[in-house]
Amino acid sequence: MTTPTTLTDRPHGTDLTDPHAPSPRALRVIAGCGFLLLAACFVATVVVVLGDAVEGDGVAKGFVTAAFWTLFAGALTGVAALIAPRKGLVVAEYVLAVTAPVLALMD
């Protein structure tokens, strides 16, 4: 049994460096589920910002703006992960989604 050494010898969707890597279809499904997490984190961010507006001084500082831009960057990363499924893009989507409410809490 020989190991394929060129790109034409290997089946579509496989990687020479990691034989146990998730398939592109699995990465696309996980990236799609990341949009549900982005939606939940958006709701959590809005709740935190509105709670701060009512109970706090009522002024949105830079962390609120950074939180919403982080959600936007997470959505763009999710779209990129759907188009070109890469494990790093999927991880970045999830990290950006979770970071947004944390940034809003820092305000």
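Structure: above.
Numbering of residues starts from 1 in every chain and runs along the sequence as written. Whole-chain, interface and lining totals are the exception, using all residues; otherwise, since this is a predicted model, local features are given only for residues with pLDDT of at least 70 and side-chain atom pairs are given and counted only at 80 or more. Excluding hydrogens and water, the side-chain values take into account all heavy atoms of the structure.

Colleague: Pulling in residues and values, what's your account of the environment of A21?
Modeller: Inspection of the secondary structure assignment puts A21 in the segment before α1 (24–55). Exposure classes here rest on a 1.4 Å probe applied to the protein chains alone. A residue is buried below 20% of its type maximum, exposed above 50%, and partly exposed in between. Exposure remark for A21: the relative accessible area of 34% places this residue in the partly exposed category. Remark: the alpha-carbon pair of A21 and K87, spanning 66 residues in sequence, is separated by 8.8 Å. Strands are runs of DSSP state E lasting at least 2 residues, helices are runs of H or I lasting at least 4, and numbering of each runs from the N terminus.

Colleague: Could you give an account of α1, with specific residues and numbers?
Modeller: Expected helix span is given by 1.5 Å per residue-to-residue step, counting one fewer step than there are residues. Its 32 residues give α1 an end-to-end C-alpha distance of 46 Å, which sits within 8% of 46 Å, the value for a rise of 1.5 Å per residue. Turning to α1, its buried residues number three or more, namely L27, A31, G34, L38, C41, T45 and V49. We call two residues in contact when some of their heavy atoms are within 4.5 Å. For α1, the elements touching its buried residues are α2 (62–83) and α3 (87–105).

Colleague: Could you give an account of the environment of V102, with specific residues and numbers?
Modeller: Following the sequence through the fold, V102 ends up in helix α3. We classify V102 as partly exposed; its relative accessible area is 44%. Through-space distance from the C-alpha of V102 to that of T45 is 8.2 Å; in sequence the pair is 57 residues apart.

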